[in-house]
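# Architecture at a glance
If you want the building blocks of each chain, they are given just below.
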Amino acid sequence: IEGAGESIVLEYDDVGVAIMVLGVMNFVLAAWVLLINVYNKAPLIVSNGWKIRIRKSKFKTQAEENLTKDRDDLNTFVCARDMTASEARKVLREKGPDAEEFTYSGSREFNSLLVTIDYWWLNFKMVVDDEDIQYLVIYTCIPLIALTISPVFYALQLLDIITKSSTLVNVIQAITLNKKQLFMTGLMAVVIIYVYSVVGFFYLNDSYHMNVASLSEMENVCPSLFVCFMSTFNHGLRNGGGIGDVLRKISHL
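All figures in this text were calculated on a predicted structure; none of them were measured in a lab.

### Quick word on the overall build of the chain
Along the backbone of the chain there are 9 helices and 4 strands. The linear arrangement of helices and strands in the chain, starting from the amino end, is β-β-α-α-α-α-α-α-α-α-β-β-α. Here the chain holds 253 residues, and the buried ones make up 24% of them. Accessible surface, the chain as shown: approximately 18400 Å² in total, 64% of it carbon and sulfur.

Okay, structure coming up:
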């Protein structure tokens, strides 16, 4: 690098140190962004998570509805302190932390360490299951892996461009939303290749001779049906003209 009337030659060690420093800065900034997003979004994620959980729950059976009706008629109420830990956990998981069983005194009281741990575990799981948080966690882990294993992993952060472009998001969704159709198409391709391998094994076996670098003569790459299938699959997909590019040429054609 030339400048200010002098030249500076960066040695490999200097480049390594510079990469390490930039990597540490990258990790710190990514971790900071992750913490800010968790701090700002976690309450909303948890609130929406409980709403969805309560909406999907099937808390009341017919017997429980009758029991509730009887309790209302008797003007009685069962609070968390009168429940066992398993009963309180069931109420928490199916009616949420704001259920009347926990808020009878005006403030939330679980009256059980097990239920409290379960409550915080469910909150943590809701936050971790959020796709944006998962993305930021992976993004934060990449520089950490690059610092400890290899700088090659820094290249993975360039995939962040996918989240910045709606066009690329649509491209990815075109694959993920049709994964079943794509899988069945790939399976059909494997079946067709296998059918051709069977034909090649029984009728074109002499043509499956290829040059091998370690040998001075051509080797038969179709000695068995399995090897014939693997050879057809390998060379057939990697060559522009299919398996015909590597089969032995017939002189009269």
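### Details of the state of the cysteines
Counted according to the given criterion, the structure contains 1 disulfide. Between the sulfur atoms of C222 and its disulfide mate C228 the distance is 2.2 Å. Judged by the sign of its S-S torsion, about -90°, the bond between C222 and C228 is left-handed. C228 carries the same exposure label as C222, and that label is buried.

### Remarks on the pattern of salt bridges
Under the criterion given, the structure shown has 6 salt bridges. The shortest N-O distance in the salt bridge between K41 and D132 comes to 2.9 Å. Linking K41 in helix α1 (residues 12–56) with D132 in helix α5 (residues 131–148), this pair joins segments that are 91 residues apart in sequence. Across the pair K164 and D160 runs a salt bridge whose closest N-O atoms are separated by 3.9 Å.

### Focus on helix α8 (residues 179–203)
Helix length check: α8, at 25 residues, gives a terminal C-alpha distance of 36 Å against a target of 36 Å (1.5 Å per residue), a fit within 8%. Considering only its buried residues, α8 is in contact with α9 (225–238).

Rules of the game
- Residues numbered from 1 in each chain as written.
- Predicted model: local features only at pLDDT ≥ 70, side-chain atom pairs only at ≥ 80, totals over all residues.
- Heavy atoms only, no water.
- Helix = DSSP H or I, 4+ residues; strand = E, 2+ residues; numbered from the N terminus.
- Buried < 20%, exposed > 50% of the residue type's maximum accessible area, 1.4 Å probe, protein only.
- Areas by Shrake-Rupley, 256 points an atom, 1.4 Å probe, with all protein chains shown as cover.
- Disulfide = S-S within 2.5 Å.
- Salt bridge = Lys/Arg side-chain N within 4 Å of Asp/Glu carboxyl O.
- Expected span 1.5 Å × (residues − 1).
- Contact = heavy atoms within 4.5 Å.

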